[in-house]
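Take a look at the letters that make up each chain.
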Amino acid sequence: MSKTAETEGALETRGIEQVPDHERTARTRELFPTWVGANISVLLLTMGASLVVAYQLNFWQALVVAAAAPVLSYGLVGLIGIAGKRGGAPGMALSRAVFGQRGNLLPGSLIWIARWGWETINAVTGAYALLTVLDIVFGIRANSVLDMVTLLAFVVATFAISGLGINAVQKCNKYAAYLFAAFSVLVLGYLVVDTDWSAVFDRSAGSVAAMITGVGLIAAGGVSWIPSAPDFTRYLPRTASSKGIVGVTIGGAGIVVLPMVLMGMVMAVSTPDLASASDPVSFLGEILPTWIAVPYLLIALIGMLLINSMSMYSAGFTAQTLGFKVPRHWAVSVNAVISLIFGGVLMLVATSFMGSFIAFLSLLAVAFSAWVGVFGADMLRREEYDGDALADTGRTSAYWYRGGFSPAAVAAWAVGLIAGLMFTTSDWFTGPLAANNFIGEYGLGWVATVVISGLLYVVLPKPPVVVPAPASAERAEQPASVTV
């Protein structure tokens, strides 16, 4: 990321305001390590194991699932990321142009709350990684006090990186990607030599329904990044290639997701307990030799730290769009405290980490997908975003619409959200339409949410699209409106 007036030095001071064109000097290829870093998670190993143990898939079916999931989910991440180069602002700030200044508070609040859960899961996974290293290297056994100490250390480190801003996040992702690649090759080499491949390839095939559900399980992690995509593309110039944004996003994620899921699948053939382990990382110390397990766990710890840093970085923007009148780095602290509290509850009280994780993923995908359907459909008709109108939260804003709401966007979002939940099954909640139909049985509630909310938004009458005045005019004239 090229340095600008707002990002030069260690601390990024820019908040949700639009980035001026002269500061938008980033390059598309810089997105690659960003999305590599966003997927350096041992949870992918556990999800890969679930494809074998819970979904009964064979190697070739798991390969198809592992390849299809990042293309689907991170394809959407890349497409929504195009809005960042068009508008030069974070995703939830651009969302004001779609939902209205007040209407945006509805999906914004839900997405912010959903991030609490995502950051809690990541924080707990990072703490477990550190606990496992302490056990393997020093023989220090976990206890309630040590659980909280490691969790606190992880959250503080996350806050430090995310609070510094985009430069810190992207630099850390770059070096973490190199380290992760090196040690992943070691793990792959070990598995190639140590695995009973006849047991891997002799497994019988599972059902097509299980494959589709598996795609949804793996894709849910990518779906959670969709509203954040513009946060990492807003420093790109308007001339940046849209195809390049989508391609680099899919490539960066896929190069991690595919091998990690397959590694988890292979490991689970000989160690079925991997899919239901009490914590998601301790099994690595049992499956891998110490000389590989320890450095790999440390890399996994760094990966989870970076994933949470990216999430909290975006959460700071979301908090600002909800009306928190504090600098971005202090807005990040709100999520840090929340993830610390919820993480403590999960580590000390919850009986099944993976059960809670998969249930959360099911609901997370639907919560994010309702926004994706509406925002994505709006992108088909909107090429630019008015920075002044985005920043103006009062009645004078061009994005005030009717009482601060865009009725079409809010209605489409609400209907899509409710419809998606009706088709969703999880340990925490099961919708009335989750059985006896294709959508529910195949785990496509989140897909139904995107389609329903998007199509409904397309057909409903919408407010006119605001076209910003040319930058060369120094905004001497008010933005014009055109009805589409």
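Definitions and cut-offs
- Residues numbered from 1 in each chain as written.
- Predicted model: local features only at pLDDT ≥ 70, side-chain atom pairs only at ≥ 80, totals over all residues.
- Heavy atoms only, no water.
- Phe/Tyr/Trp six-rings, centres within 6.5 Å; stacked < 30°, edge-to-face > 60°.
- Helix = DSSP H or I, 4+ residues; strand = E, 2+ residues; numbered from the N terminus.
- Buried < 20%, exposed > 50% of the residue type's maximum accessible area, 1.4 Å probe, protein only.
- Lys NZ or Arg CZ within 6 Å of the ring centre and 35° of its normal.
- Axes fitted to C-alpha atoms, helices over the stretch in contact; angles between N-to-C directions.
- Parallel < 35°, antiparallel > 145°, perpendicular 65-115°, else oblique.
- Left-handed = near helix turned anticlockwise from the far one by under 90°.
- Contact = heavy atoms within 4.5 Å.
- Nonpolar A, V, L, I, M, F, W, Y, C, P; charged D, E, K, R; others polar.
- Core = buried A, V, L, I, M, F, W, Y, C linked by side-chain atoms within 4.5 Å.
- Expected span 1.5 Å × (residues − 1).
- Salt bridge = Lys/Arg side-chain N within 4 Å of Asp/Glu carboxyl O.
- Polar contact = N/O pair within 3.5 Å; in protein donor to acceptor, adjacent residues only side chain to side chain.

**Comments concerning the packing of aromatic side chains**
Step number 1: This structure, assessed with the given rule, holds nine aromatic pairs.
Step number 2: On the numbers, 5.6 Å between centres and 80 degrees between planes, the contact of Trp 35 with Phe 232 is edge-to-face. Of this pair, Trp 35 sits in helix H1 (residues 31-37) while Phe 232 is found in the loop between helix H10 (208-223) and helix H11 (242-270), placing the two residues 197 residues apart along the sequence. When sorted by exposure, Trp 35 lands in the same class as Phe 232, which is buried.
Step number 3: Here the aromatic rings of Phe 59 and Phe 201 are separated by 5.0 Å at their centres, their planes lie at 65 degrees, and the arrangement is edge-to-face. With Phe 59 in helix H3 (residues 59-87) and Phe 201 in helix H9 (residues 197-201), the pair connects residues that are 142 residues apart, well separated along the chain.
Step number 4: A connected cluster of aromatic rings, assembled from ring pairs, spans Trp 35, Tyr 74, Trp 225 and Phe 232.
Step number 5: It is Lys 462 that lies over the ring of Tyr 457; its NZ or CZ is 5.2 Å from the centre.

**Some details on the packing of helix H17 (residues 407-422) against helix H19 (residues 445-459)**
Step number 1: Where H17 contacts H19, the two axes come as close as 8 Å, and the packing angle between them is 155 degrees. The angle between H17 and H19 places the two elements in the roughly antiparallel class. For the pair H17 and H19, the crossing hand works out as right-handed. On the side of H17, the interface is formed by Ala 408, Ala 409, Ala 411, Ala 412, Val 415, Gly 416, Leu 417, Ala 419 and Gly 420, while H19 contributes Gly 445, Thr 449, Ile 452, Ser 453, Leu 456 and Tyr 457.
Step number 2: Looking at the contact of H17 with H19 residue by residue, the class counts come to 10 nonpolar, five polar and no charged.

**Here we look at the nonpolar core**
Step number 1: Core analysis: the largest hydrophobic core is formed by 136 residues, its most contacted members being Trp 35, Trp 225, Trp 371, Phe 375 and Tyr 385.
Step number 2: The greatest single-element share of this core, amounting to 16 residues, is contributed by helix H13 (residues 290-321).
Step number 3: Residues contacting Trp 371, with those up to four places away along its chain left out, are Ile 80, Gly 91, Met 92, Ser 95, Phe 99, Pro 107, Ile 111, Ile 226, Pro 227 and Trp 413.
Step number 4: Counting residues in each nonpolar core, the second largest holds five residues, with Trp 112, Trp 116, Ala 315 and Ala 319 among its members.

**Here we look at H13**
Step number 1: Helix length check: H13, at 32 residues, gives a terminal C-alpha distance of 46 Å against a target of 46 Å (1.5 Å per residue), a fit within 8%.
Step number 2: Counting buried positions over the 32 residues of H13 gives 28, a clear majority of the element.
Step number 3: Looking one or two residues past H13, Gly 323 carries a phi angle of roughly 110 degrees, positive in sign.

**A word on the environment of Pro 468**
Step number 1: Its place among the elements puts Pro 468 in the loop between strand S1 (465-467) and strand S2 (480-482).
Step number 2: We classify Pro 468 as buried; its relative accessible area is 12%.
Step number 3: A C-alpha to C-alpha distance of 8.8 Å links Pro 468 and Ala 389, two positions 79 residues apart in sequence.

**Looking at the side chain of Glu 119**
Step number 1: Counting through the fold element by element, Glu 119 comes out in helix H6 (residues 105-138).
Step number 2: In this structure Glu 119 comes out as buried when scored by relative accessible area, which is 0%.
Step number 3: With residues near it in sequence (within four places) discarded, Glu 119 still touches Asn 308, Ser 311, Met 312, Ala 315, Asn 335 and Ser 339.

**Overview of the pattern of salt bridges**
Step number 1: On inspection of all chains with the given rule, the structure shows seven salt bridges.
Step number 2: With a shortest N-O distance of 3.6 Å, Glu 383 and Arg 86 are connected by a salt bridge. Placement of Glu 383 in the loop between helix H15 (353-379) and helix H16 (387-391) and of Arg 86 in helix H3 is noted, with a sequence separation of 297 residues between them.
Step number 3: Given a relative accessible area of 16%, Arg 86 falls into the buried group.
Step number 4: Note that Asp 378 is salt-bridged to Arg 381, the shortest N-O span being 3.3 Å.

**A word on the packing of H3 against H11**
Step number 1: Between H3 and H11, whose axes approach to 7 Å, the crossing angle comes to 150 degrees. Classified by the angle between their axes, H3 and H11 sit roughly antiparallel to one another. At the point where H3 passes H11, the crossing takes the right-handed sense.
Step number 2: For the contact of H3 with H11, the class distribution of residues is 21 nonpolar, six polar and one charged.

**A short note on the side chain of Ser 224**
Step number 1: Within the fold, Ser 224 resides in the loop between H10 and H11.
Step number 2: Here the side chain of Ser 224 touches Gly 221 through a polar contact of 2.5 Å, landing on its backbone oxygen.
Step number 3: Apart from residues no more than four positions distant in its own chain, Ser 224 is found in contact with Arg 115, Trp 118, Leu 364 and Phe 368.

**Section: H10**
Step number 1: Along its 16 residues, H10 runs 22 Å from first to last C-alpha, staying within 8% of the 22 Å computed at 1.5 Å per residue.
Step number 2: Among the 16 residues of H10, 12 are classified as buried, and the element is accordingly described as predominantly covered.
Step number 3: Residues Ala 210, Met 211, Gly 214, Val 215, Gly 216, Leu 217, Ile 218, Ala 219, Ala 220, Gly 221, Gly 222 and Val 223 constitute the buried set of H10.

Remember that the coordinates give geometry; whether it matters functionally is a separate question.
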